[in-house]
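As a plain string of letters, each chain reads:
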Amino acid sequence: MDKIYLSEVDKIHPVEMQDGLLLRRTMSYNNDIMLCHFTLKKGLVLPLHQHKNVQIGYVLKGKVKFSKGDDSFFIAEPGTSYVFDSNEIHGIDEVLEECEFIECFSPIRLEYT
């Protein structure tokens, strides 16, 4: 697998993940961990899901309502960090304001390379 050691967000072409509402830029990764930058448009909904990867994030701008499988939720705004453990159910009820955040995945998400 190729590794990306150094990158700049403005020089990476975004991958459209959901009808132009969700854009991903895979920043840097090695065999153990991956860093991605996401841009989400207002109104995006991401259904509950789970994956083996631990996911930790930090909101740069905007506001998003995350949900968990147990009917709980939290609002993330600039400066908020969060973590979803391996196989923990999570999703986005709604992007309340256009949002940007960074997330790390471990192990890496091969589909994002």
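Look up a bit, the structure's there.
Keep in mind the model is a prediction, meaning the values are calculated, not measured.

Colleague: I tried to follow the nonpolar core on my own but got confused; where do I start?
Modeller: When a protein is soluble and globular, its nonpolar side chains tend to lie buried together. Core analysis: the largest hydrophobic core is formed by 20 residues, its most contacted members being F38, L40, V64, F66, V95, C99 and F101. Among the elements of the structure, β2 (22-29), β3 (34-40), β5 (54-68), β7 (81-84) and β8 (90-106) are those that each provide at least two residues to this core. Per element, the largest residue contribution to this core is five residues, and it comes from β8. Sequence-distant contacts of F38, that is, excluding residues within four places in its chain, are made with M17, L22, L23, R24, C99, E100, F101, E103, F105 and Y112.

Colleague: Help me understand the environment of I92, please; the structure alone is not making it clear to me.
Modeller: Checked against the element boundaries, I92 lands in strand β8. Here the alpha-carbon distance between I92 and G43, two residues 49 residues apart in the chain, equals 10.0 Å. Discounting chain neighbours no more than four positions away, the residues touching I92 are L40, L44, V45, L46, V64, K65, F66 and S67.

Colleague: Would you mind showing me how to read the packing of aromatic side chains here?
Modeller: Geometry of an aromatic ring pair is reported as the spacing of the ring centres plus the angle between the planes. Across all of its chains, the model carries twelve aromatic pairs by this definition. Where F38 meets F101, the ring centres are 5.7 Å apart and the plane angle is 40°; that geometry is what we call tilted. Placement of F38 in strand β3 and of F101 in strand β8 is noted, with a sequence separation of 63 residues between them. In this structure F38 comes out as buried when scored by relative accessible area, which is 5%. For the ring pair F74 and Y82, a centre distance of 6.2 Å and an interplane angle of 45° mean the geometry is tilted. Relative accessible area serves as the criterion here: at 23%, F74 is assigned to the partly exposed category. Look at Y82 and you get buried, because its relative accessible area is 6%. An aromatic cluster of at least three residues, connected via ring pairs, comprises F38, F66, F74, Y82, F84, F101, F105 and Y112. Over the aromatic face of Y112 sits the side chain of R24, whose NZ or CZ is 4.2 Å from the ring centroid.

Colleague: Sorry, what's going on with unusual backbone geometry here?
Modeller: If a residue is not glycine, its phi is most likely negative; likewise, a peptide bond is most likely trans. Going from S106 to P107, the amide bond is cis rather than trans, its omega being -5°. By secondary structure assignment, the location of P107 is in the segment after β8. Although it is not a glycine, D19 sits at a positive phi angle of roughly 45°. Relative accessible area serves as the criterion here: at 70%, D19 is assigned to the exposed category.

Colleague: Explain the pattern of salt bridges to me, please; I cannot follow it from the model alone.
Modeller: Between side chains of opposite charge, a pair can form as their charged atoms come close. Applying the stated rule across the entire model yields seven salt bridges. Across the salt bridge formed by D93 and K65, the nearest N and O atoms sit 3.8 Å from each other. Taken together, the residues D93 in strand β8 and K65 in strand β5 connect sequence positions 28 residues apart. Across the salt bridge formed by E111 and R109, the nearest N and O atoms sit 2.7 Å from each other. The class of R109 is buried, set by a relative accessible area of 13%.

Thresholds, definitions, all that
Residues numbered from 1 in each chain as written. Predicted model: local features only at pLDDT ≥ 70, side-chain atom pairs only at ≥ 80, totals over all residues. Heavy atoms only, no water. Core = buried A, V, L, I, M, F, W, Y, C linked by side-chain atoms within 4.5 Å. Buried < 20%, exposed > 50% of the residue type's maximum accessible area, 1.4 Å probe, protein only. Helix = DSSP H or I, 4+ residues; strand = E, 2+ residues; numbered from the N terminus. Contact = heavy atoms within 4.5 Å. Phe/Tyr/Trp six-rings, centres within 6.5 Å; stacked < 30°, edge-to-face > 60°. Lys NZ or Arg CZ within 6 Å of the ring centre and 35° of its normal. Salt bridge = Lys/Arg side-chain N within 4 Å of Asp/Glu carboxyl O.

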